[in-house]
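Reading the structure
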Amino acid sequence: MSGTMTTENLRIVSLDVKDIRFPTSLGAHGSDAMHTDPDYSCAYVTVKTAKGDEGHGLTFTCGRGTEIVVAAVKSLRNMVIGQTAFEIFKDFAGFWRSLTSETQIRWVGPEKGVTHLAVAAIVNSLWDLWAKLLNKPVWLLLADLEPEQLVSTIDFRYITDVITKEEAIEILKKAREGKEERIQDLFVHGYPAYTTQVGWLGYSNEQIIELCQRYLDLGFTFFKLKVGNDLKDDIRRLELVRNTIGWDNTLAVDANQVWEVNEAIEWMKELARFKITWIEEPTSPDDILGHATIAKALKPLGIGVATGEMCCNRVMFKQFLQADAMQYCQIDSARIGGINEILSVYLMAHKLGVKICPHAGGIGLCEMVQHLQMWDYICLSGTREGRVIEYVDQQHDQFVNPTIVDKACYQAPRVAGYNTTLKQEAIEKYEYPNGSEWESMYQKGLFHDPRKLY
Ligand SMILES: C[C@H](O)[C@@H](O)[C@@H](O)[C@H](O)C(=O)O
Ligand SMILES: [Mg+2]
């Protein structure tokens, strides 16, 4: 932290937002049945205090549309500028509600879609700032908060039928036993990861086999493959993967919302012989009862339903959890309203006995979500049993302090903040549409220059 923490020093004097895009579609990285050509991108927020301390936060996007999230961040900007950092943190739930319930902007949400992505980017930058001011990684900031303080960051509106503030405090107090041992254990063993890198839909057979082999050599035992385009092709690809990784390793599949409810059931019956642990996003991310129907039908086959990467807020998560519609809850660190709201999902999932296996992969998602899952291990669930964090090897080198995964385990971050600071060079090269890499890709004819008319 620079200087003393006076009210004036800690006043937030600016909030900047940038559109950063990486051309991942060129290699089909990140491709699935719905998102056939993602350019991994983010709306990147920087908040700055009068003293010059910075917080960086982001929300993940797939290229086109990032400019809309940027515009939404700009619409919320004035609610942050002029506030004093520690006043925000003292009543974080209240501040969070002011952002999500802004009396006019809420009409274009509320608490969903672009406005909520914008809230996530802003809120994530504030947590990064908070952790940097205290010189701690976010997971330790969370772990060091007293249960009352932690719960004071959460807006319980619309979820008190499942969990109240008082209950949450009780749960966290009970979970304290063994906390220090778990912190030490994390430093030694880290947190288990699984990989999706082997199975993007646009990858060739050779690429799939080579990547399975590479990730086996790196110590991975849990793999995820994209499915949902063509049944015969899925069978062929799953055969390839099983032949390479064997039958003792864990395999999950992800359809990215492509099926009807009945179609999902029928399709998965055909794939069940490949020993599938979960089917992810089988249908519309909003169809809670549809997911419940799929889960019920696939349970006898030993297949669970996983979803959450596009679940829009805590209320939807609440219903998924209540309806037995997800066996694996996949919170996404760049979605819903940032850490504050994600914590409420962790608490509900814990109470209703559903495991959290976070979504990650896209820009900064691994960097951020490791903190949340580590906090869960230390302070809430107290176990890593049956839980695993997604890992995709994309764009980590663009961050000042990237995620470190060793022997298929995330290593506990040691630097202050949320690991969300992009390198200056990354911004200069990949800011859209004027970054130097974009200029050169327009010249090579790889992308259309959006500043020119068609
Ligand atoms: C467009 C993206 O790469 C998605 O395919 C990806 O987030 C995916 O759903 C995943 O679970 O990793
Ligand atoms: Mg997915």
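Residues numbered from 1 in each chain as written. Chains lettered and ligands numbered in written order. Predicted model: local features only at pLDDT ≥ 70, side-chain atom pairs only at ≥ 80, totals over all residues.

Looking up the protein in an unreviewed UniProt entry gives the name Mitochondrial enolase superfamily member 1, with the organism given as Popillia japonica. What UniProt records for the protein under Sequence similarities (unreviewed entry) is the sentence "Belongs to the mandelate racemase/muconate lactonizing enzyme family. ENOSF1 subfamily." Among the UniProt annotations of the protein, the heading Catalytic activity (unreviewed entry) holds the following wording: "L-fuconate = 2-dehydro-3-deoxy-L-fuconate + H2O". (UniProt positions renumbered as here; feature names shortened; annotations may be inferred.)

For the protein, the count of helices and strands is 17 helices and 13 strands. Here the protein has a C-alpha radius of gyration of 21 Å; the compact-globule value for 454 residues is 22 Å, and the two agree. Reported as C-alpha extents along the three principal axes, the dimensions of the protein are approximately 65 × 60 × 45 Å. Buried positions account for 51% of the 454 residues belonging to the protein. A fraction of 74% describes how many contacts in the protein between residues 6 or more apart in sequence connect residues 24 or more apart. (Helix = DSSP H or I, 4+ residues; strand = E, 2+ residues; numbered from the N terminus. Rg over C-alpha atoms; globule rule 2.2 N^0.38 Å. Buried ≥ 20, exposed ≤ 12 C-beta atoms within 10 Å, placed from the backbone. Contact = placed C-beta atoms within 7 Å.)

This part takes up the site of ligand 1. Around ligand 1 sit 13 residues in total, of which Gly30, Asp32, His35, Pro38 and Gly361 are the nearest. Per-class residue counts for the shell around ligand 1 are 2 nonpolar, 7 polar and 4 charged. (Near = placed C-beta within 6 Å. Nonpolar A, V, L, I, M, F, W, Y, C, P; charged D, E, K, R; others polar.)

Peptide bonds are trans in most cases, and residues, glycine excluded, mostly fall at negative phi. Between glycine 109 and proline 110 the backbone carries a cis peptide bond, its omega angle lying at -20°. Inspection of the secondary structure assignment puts proline 110 in the loop between helix H3 (92-100) and helix H4 (113-133). Look at the link from tyrosine 432 to proline 433: it is a cis peptide, with omega at 5°. Checked against the element boundaries, proline 433 lands in the loop between helix H16 (424-430) and helix H17 (436-443). With phi around 80°, glutamine 257 is a residue other than glycine that occupies positive phi space. Here glutamine 257 shows up in the loop between strand S6 (250-254) and helix H11 (261-271). In this structure glutamine 257 comes out as buried when scored by C-beta crowding, with 22 C-beta atoms within 10 Å. With a phi close to 55°, lysine 275 is a non-glycine residue in the positive phi region. Relative to the assigned elements, lysine 275 resides in the loop between H11 and strand S7 (278-280).

Turning next to the sheet that holds strand S1 (residues 12-21). If you walk across this open sheet you meet the 3 strands as S1-S2-S3, and the pairing is antiparallel. Strand pairing shows two members of the sheet lacking a second neighbour, S1 and strand S3 (54-61), which therefore form its edges. This sheet shows a mean twist of 15° between the axes of neighbouring strands, independent of strand direction. Pairing between S1 and strand S2 (residues 41-49): 9 bridges, direction antiparallel. If you follow valine 17 over to S2, its bridge partner there is valine 45. (Pairing = 2+ DSSP bridges. Axes fitted to C-alpha atoms, helices over the stretch in contact; angles between N-to-C directions.)

Before going further, it helps to spend a moment on the pairing of S2. Within S2, 8 of the 9 residues are buried, leaving the element largely enclosed by the surrounding structure. Pairing between S2 and S3: 8 bridges, direction antiparallel. Residue pairing across strands places cysteine 42 opposite phenylalanine 60, the latter belonging to S3. Following S2, the chain reverses through 4 residues before pairing antiparallel with S3; glycine 52 in that reversal takes a positive phi of roughly 105°.

Judged by nonpolar contacts, the single largest core of 140 residues is most densely connected at Ala43, Val45, Val73, Ala118, Ile122 and Phe223. By residue number, the principal contributor to this core is H4, which donates 14 residues. (Core = buried A, V, L, I, M, F, W, Y, C linked by C-beta atoms within 7 Å.)

Let us now look at helix H14 (residues 339-351). Taking 1.5 Å of rise per residue, the 13 residues of H14 would be expected to cover 18 Å, and the 18 Å separating its terminal C-alpha atoms lies within 8% of that figure. For H14, the tally of buried residues reaches 12 of 13 residues, placing the bulk of the element in the interior. Every buried residue of H14 is accounted for by Ile339, Asn340, Glu341, Ile342, Leu343, Ser344, Val345, Tyr346, Leu347, Met348, Ala349 and His350. Of the residues flanking the end of H14, it is glycine 353, one or two places downstream, whose phi is positive at about 75°. (Expected span 1.5 Å × (residues − 1).)

Looking down a regular strand, the side chains alternate between one sheet face and the other. For strand S4 (residues 191-199), the buried fraction is high: 9 of the 9 residues fall into the buried class. Bridge count between S4 and strand S13 (residues 409-410): 2 bridges; the pairing is antiparallel. Of the residues in S13, the one forming a bridge with tyrosine 191 is tyrosine 410. Judged from the 3 bridges that link them, S4 and strand S11 (residues 389-391) form a sheet pairing that is parallel. Within the sheet, the bridge partner assigned to tyrosine 194 lies in S11 and is glutamate 390. Of the strand pairs in this sheet, S4 and strand S5 (residues 222-226) are connected by 2 bridges, and their pairing is parallel. In the sheet register, threonine 195 faces S5, and the bridge partner there is phenylalanine 223.

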